[in-house]
Amino acid sequence: MSETLARTSADGSQGGAPAPQQRRRPAWLTPVNLTIIIITLLALVLRVYYQYTRPGFLLGVTEYDDGPYFGSAVRLVHGSMPYRDFVLVQPPGITLLMSPAGLLTYWTGTAWGLAIGRILTVLAGTAGVALAGLLVRHRGLLAVLLTCGIVAVYSNGVAAAHTVLVEPWLVLFCLAGAVTVFDGDRITASTKRMVWGGVLFGFAGAVEAWAIVPVLVLAALCLPRIKRAAIFAGGVAAGFLIPVLPFAIAGPTQLYHSLITAQIGYRAHAGRVGVLLRLRNMVGFPYALDWSRSLLLLTVFALVILVVVAWGAAILVTQEPPPILDWFAGVTTVLIIAMFLWPPQFHYHFTEFLAPFMALTIALPVARLFGGARPDGVAVTWPPTGSAKAARQAGIAVVSVSAAALVVVAAFQFRFESGAPKVIGPIPAAIDQMIPSGACVLTDQVSVTLAANRFVSTDPNCPRVIDSLGTTLALSHGLKPQTGAAKVAAVNAFWSQAFSKAQYVLLTSTTHRRIAWSPQLNAYFASHFHLVYYSPRKLQLYVRNGLHAG
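S.K.: Honestly, the overall build of the protein chain in this entry has me stumped. Any pointers?
M.R.: Along the backbone of the protein chain there are 22 helices and 8 strands. Taking the intrachain contacts of the protein chain between residues at least 6 apart in sequence as the baseline, contacts between residues at least 24 apart amount to 73%. Each charge sign in the protein chain was given a centre, from 38 positive and 20 negative side chains, and these centres are 3 Å apart.

S.K.: Can you walk me through the packing of aromatic side chains in this structure?
M.R.: A ring pair, where both rings are aromatic, is described by two values, the distance of the centres and the angle of the planes. Summed over the entire model, instances satisfying the criterion amount to 25 aromatic pairs. With 5.5 Å between their ring centres and 70° between their planes, Trp311 and Trp327 make a pair best called edge-to-face. Here Trp311, found in helix 14 (residues 293–318), pairs with Trp327, found in helix 15 (residues 324–341); they are 16 residues apart in sequence, far enough to count as distant. Residue Trp311 is classed as buried on the basis of its relative accessible area, which comes to 15%.

S.K.: How should the environment of Leu341 be read in this particular structure?
M.R.: Position of Leu341 relative to the elements: it lies in helix 15. Overall, the relative accessible area of 28% leaves Leu341 in the partly exposed class. With 62 residues separating them along the chain, Leu341 and Leu279 place their C-alpha atoms 8.7 Å apart. Beyond its immediate chain neighbours, meaning those up to four positions away, Leu341 contacts Arg272, Val275, Arg278 and Met282.

S.K.: What am I meant to see in the pairing of strand 6 (residues 504–507) here?
M.R.: Looking along a regular strand, one sees the side chains alternate between the two faces of the sheet. Neither face of strand 6 is open: one carries Tyr504 and Leu506, the other Val505 and Leu507, and all of them are buried. As paired elements, strand 6 and strand 8 (residues 540–544) share 4 bridges and run antiparallel to each other. Pairing of Leu506 across the sheet is with Leu541, part of strand 8.

S.K.: Teacher, can you tell me more about the environment of Asp183 here?
M.R.: Position of Asp183 among the secondary structure elements: in strand 1 (residues 182–183). Asp183 sits in the partly exposed class, given a relative accessible area of 46%.

S.K.: I tried to follow the packing of helix 10 (residues 212–222) against helix 15 on my own but got confused; where do I start?
M.R.: The packing of two helices is summarised by the inter-axis angle and the distance between the axes. Remark: helix 10 packs on helix 15, axes separated minimally by 9 Å, with the N-to-C direction vectors making an angle of 145°. For the pair helix 10 and helix 15, the crossing hand works out as right-handed. Contacts between helix 10 and helix 15 involve Val213, Pro214, Val217, Leu218 and Leu221 from the first element and Ile324, Trp327, Phe328, Val331, Thr332, Leu335, Ile336 and Met339 from the second. Its residues placed into classes, the contact of helix 10 with helix 15 shows 12 nonpolar, 1 polar and no charged.

S.K.: Honestly, the layout of surface pockets in this entry has me stumped. Any pointers?
M.R.: It is the rolling of a water-molecule-sized probe over the atoms that shows where space remains empty. Empty space within the second largest pocket amounts to approximately 640 Å³. Within the residue set of the lining of the second largest pocket, elements represented by two or more residues are helix 6 (141–153), helix 14, helix 16 (355–369) and helix 17 (388–417). Top contributing element to the lining of the second largest pocket by residue count: helix 17, with 6 residues. A class-by-class count of the residues in the lining of the second largest pocket yields 19 nonpolar, 4 polar and no charged.

S.K.: Help me understand the side chain of Glu167 in this model?
M.R.: Locating Glu167 in the fold gives a position in helix 8 (residues 166–181). The class for Glu167 is buried, based on a relative accessible area of 2%. If sequence neighbours within four positions are ignored, Glu167 has contacts with Trp210, His349, Phe350 and Glu352.

S.K.: Can you help me understand the confidence of the model for the protein chain in this one?
M.R.: Detailed conclusions should not be drawn from predicted coordinates in areas where pLDDT is low. With 90% of its residues at a pLDDT of 70 or more, the protein chain shows a mean pLDDT of 89. Confidence drops under pLDDT 50 across residues 1–15; counting only partners more than four residues distant or on other chains, this segment forms 9 contacts. When the criterion is pLDDT under 50, residues 373–382 qualifies, and its contacts beyond four places in sequence or with other chains add up to 29 contacts.

S.K.: How should the state of the cysteines be read in this particular structure?
M.R.: Among covalent bonds in proteins, the disulfide is the one between the sulfur atoms of two cysteines. For the coordinates displayed, the defined rule picks out 1 disulfide. Cysteine Cys174 is unpaired, with the sulfur of Cys222 as its nearest cysteine sulfur at 15 Å.

S.K.: It is not clear to me how the pairing of strand 7 (residues 529–534) should be interpreted in this structure. Could you clarify?
M.R.: Sheet topology places strand 7 next to strand 8; 5 bridges connect them, and they run antiparallel. Note on strand 8: the bridge partner recorded for Phe529 is Arg544.

S.K.: Whenever I open this one, unusual backbone geometry confuses me. Can you help?
M.R.: Among all residues save glycine, negative phi is the norm, and among peptide bonds the norm is trans. Of note, the amide linkage connecting Leu223 to Pro224 takes the cis form, showing an omega dihedral of 10°. Inspection of the secondary structure assignment puts Pro224 in the loop between helix 10 and helix 11 (226–250). The phi angle at Tyr287 is positive, at roughly 70°, despite the residue not being glycine. Structurally, Tyr287 is set in the loop between helix 13 (275–282) and helix 14. Located in the positive-phi region is Asn453, a residue other than glycine, with phi close to 60°. Looking at Asn453, the relative accessible area reads 34%, which means it is partly exposed.

S.K.: What am I meant to see in the nonpolar core here?
M.R.: Side chains that are nonpolar tend, in soluble globular proteins, to be buried together. Core analysis: the largest hydrophobic core is formed by 104 residues, its most contacted members being Trp169, Phe201, Phe328, Phe340 and Phe353. Of the residues forming this core, the biggest block, 11 residues, is contributed by helix 8. Setting aside anything within four residues of it in sequence, one finds Phe353 in contact with Leu170, Val171, Cys174, Trp210, Ala211, Pro214, Ile336, Met339 and Phe340. Among the nonpolar cores identified, the runner-up in size contains 19 residues, and Ala485, Ala516, Phe525 and Tyr542 belong to it.

S.K.: How do you make sense of the side chain of Arg47 when you look at a structure like this?
M.R.: By the secondary structure assignment, Arg47 is in helix 2 (residues 31–52). Buried within the structure, Arg47 lacks any salt-bridge partner; Glu352 is the closest side chain of opposite charge, at an N-O distance of 5.2 Å. A polar contact is formed between the side chain of Arg47 and the backbone oxygen of Val151, at a distance of 3.3 Å. If sequence neighbours within four positions are ignored, Arg47 has contacts with Val122, Gly125, Thr126, Val151, Ala152, Gly157, Val158 and Ala161.

S.K.: Would you mind showing me how to read the pattern of salt bridges here?
M.R.: Note on pairing: side chains with opposite charge can pair once their charged atoms come close. Evaluation of the coordinates by the stated rule reveals 6 salt bridges. Here Arg454 and Asp432 are joined by a salt bridge, their closest N and O atoms 2.9 Å apart. Highlighted residues: Arg454 in the loop between helix 19 (446–451) and helix 20 (468–476) and Asp432 in helix 18 (residues 429–434), separated in sequence by 22 residues. Since its relative accessible area comes to 40%, Asp432 is described here as partly exposed. A salt bridge links Asp444 to Arg514, with the nearest nitrogen and oxygen atoms 3.2 Å apart. Taken as a pair, Asp444 in the loop between strand 5 (441–443) and helix 19 and Arg514 in the loop between strand 6 and helix 22 (519–528) lie far apart in primary sequence, 70 residues in all. Taking relative accessible area as the criterion, Asp444 reaches 1% and is therefore assigned buried.

S.K.: Looking at this structure, how should I read the sheet that holds strand 6?
M.R.: Pairing between the strands of a sheet comes from backbone hydrogen bonds, and it takes one of two forms, parallel or antiparallel. The strand order across the open sheet formed by 4 strands is 5-6-8-7, and the pairing between neighbours is mixed. Each edge of the open sheet is held by one strand with a lone partner, namely strand 5 and strand 7. Each adjacent strand pair in this sheet contributes to an overall mean axis angle of 25°, direction not counted.

What counts and how
- Throughout this document, residue positions are counted from 1 along each chain, in the order its sequence is written.
- Only residues with pLDDT of at least 70 are given local features in this predicted model, and only at 80 or more are side-chain atom pairs given and counted; all residues enter the totals for whole chains, interfaces and linings.
- Excluded from the side-chain calculation are hydrogens and water; included are all heavy atoms of the structure.
- Helix and strand definitions follow DSSP, with helices as H or I runs of at least four residues and strands as E runs of at least two, each counted in order from the N terminus.
- Working rule for contacts: check all heavy atoms of both residues, and any pair within 4.5 Å makes them a contact.
- Charge convention: Lys and Arg are scored as positive, Asp and Glu as negative, and His as well as the terminal groups of each chain are ignored.
- Here the site of a charge means atom NZ of a Lys, CZ of an Arg, CG of an Asp or CD of a Glu.
- Aromatic pairs are defined between Phe, Tyr and Trp rings, using the six-membered ring for Trp, whenever the two ring centres lie within 6.5 Å; interplanar angles under 30 degrees are classed as stacked, those over 60 as edge-to-face, and all others as tilted.
- With a 1.4 Å probe rolled over the protein chains alone, any residue whose accessible area is under 20% of its type maximum counts as buried; one over 50% counts as exposed, and the rest are partly exposed.
- Strand pairing follows a simple DSSP-based rule, namely that at least 2 bridges must link the two strands.
- Under this scheme, a helix contributes an axis fitted over its contacting stretch, all axes are lines through C-alpha atoms, and angles between N-to-C directions fall in the 0 to 180 degree range.
- Crossing handedness is defined as follows: a turn of the near helix away from the far one that is anticlockwise and smaller than a right angle gives a left-handed crossing, while the clockwise case is right-handed.
- In the scheme used here, Gly and all other residues not listed as nonpolar or charged are polar, with Ala, Val, Leu, Ile, Met, Phe, Trp, Tyr, Cys and Pro taken as nonpolar and Asp, Glu, Lys and Arg as charged.
- The rule is simple: put a 1 Å grid over the protein atoms alone, call a set of points where a 1.4 Å probe fits but cannot get out a cavity, call an open set with protein on both sides within 12 Å along at least five of seven lines a pocket, and count a residue as lining if it has an atom within 4 Å of a point.
- Grid points are joined across faces, edges and corners, and a volume is the space filled by probe spheres set on the points.
- The predictor attaches a confidence to each residue, and that confidence, scored 0 to 100, is pLDDT.
- Cysteine sulfur pairs qualify as disulfides if the two atoms are within 2.5 Å.
- Put simply, a nonpolar core is a bunch of buried Ala, Val, Leu, Ile, Met, Phe, Trp, Tyr and Cys residues held in one set by side-chain atoms that sit within 4.5 Å of each other.
- Whenever Lys or Arg places a side-chain nitrogen within 4 Å of a carboxyl oxygen from Asp or Glu, that contact is recorded as a salt bridge.
- In protein, a polar contact requires one atom able to donate a hydrogen and another able to accept it; more generally it is a pair of N or O atoms within 3.5 Å, and residues adjacent in sequence count only if both atoms are side-chain atoms.

Printed below as a string of structure tokens:
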């Protein structure tokens, strides 16, 4: 045999002909990463579908809260400061986030500016799904499938992303902070990551104060390492104070009344939302608002039992206590639920903040049972004894069932989104024709004037109200129009001055809940304005006597 024939090639083939090389899969193209990508795309489709299957949702009026949030950004880019020049009952984080879209309104108008803000919020809500997956990908396919799946199809999470609301952004920055702070199941030893993770959580607090819940849990989990907790706290302080401090310096008194007095007083005087309605929203299933009381309580009980049994079984099987990541998720979930059950006030979009932490609380212990890993990296599967083949089959079965459940819930969510919502919707063309561009328009809901491109006035004396209810609350120390705000002198003085400068007044059917209509204000309004248009969606356009509409 010749030397050439006897020689074995370096790749294992024999002879002189080179063996065909196998094409290697890119390192990032793993089942876990593919699952994150696929479910993130599903989340995006659900959120986009929510927008485009409902006429008027992109350019029309769908909420009250998006008006103040986006309107504050438009006011800021036109030179007005929140808390100094107008009332804003949220921290300024959402104002800063929407400022780029606010700048675009110089060219696009406020209707398309608001639409861009809505698109950005859809992307923020979708990015939260990917971040949740990145947080747990070290725990395997099942952890990612459950975590991303729950966050993607969580019904109120989809709804909250349809317009400019704070919750999708709050979740985005909290999850970004968690991904930065956690190194697998443990809190990172990197000082740099602790600082930047704290900054992200701090900015989340500048978007919505609820971020203090995961911040406190994380700070407690840093103990007894005081230095690590202090580094994290320093990052949080920087992330919160740098965006908030300029506004606090510009209007300290009004900032306090807007963020503290108005919020606490409002909750003290608000009618209490029932526990069952809160639970219907928190379970996260489409159509849950239509469930019977028995079905709702059975579902809640089943979820609680699932979590308790999964946590207990995971401890027994792994012979290890829950990792720090599990404790972070579980304690934060319990505190958020308590926070949502305690105060009188509650709105559907609140529960977007619960979704990722609840998903983690369910997914992490279940994943430890079926193909997950202990903190030391040793693989663990259920059943704990028996053949490897049986363990693999059990893991495959659980993943298959979870994937099937995700598909079913997503299908129900698509169907749920096809229903016709009760919103104001598109702005009638008549309003655009009757109100001249640049006119001074006063309204009880600024999302209406934003959608009508009549939010910005060329009159320097025009009232810069962006939140009629928030203004009433802040000036009355938490009283609503229904609970006596009209009797407060500061409230009467503000609204009397605002109406005295307005050329047009555009009211919704719920104006009595936002503007404190005192007898004096009613009398002034009746004697100085007259009705010129009443839309099918009950928008009422009034013009000052002596002016002509259109």
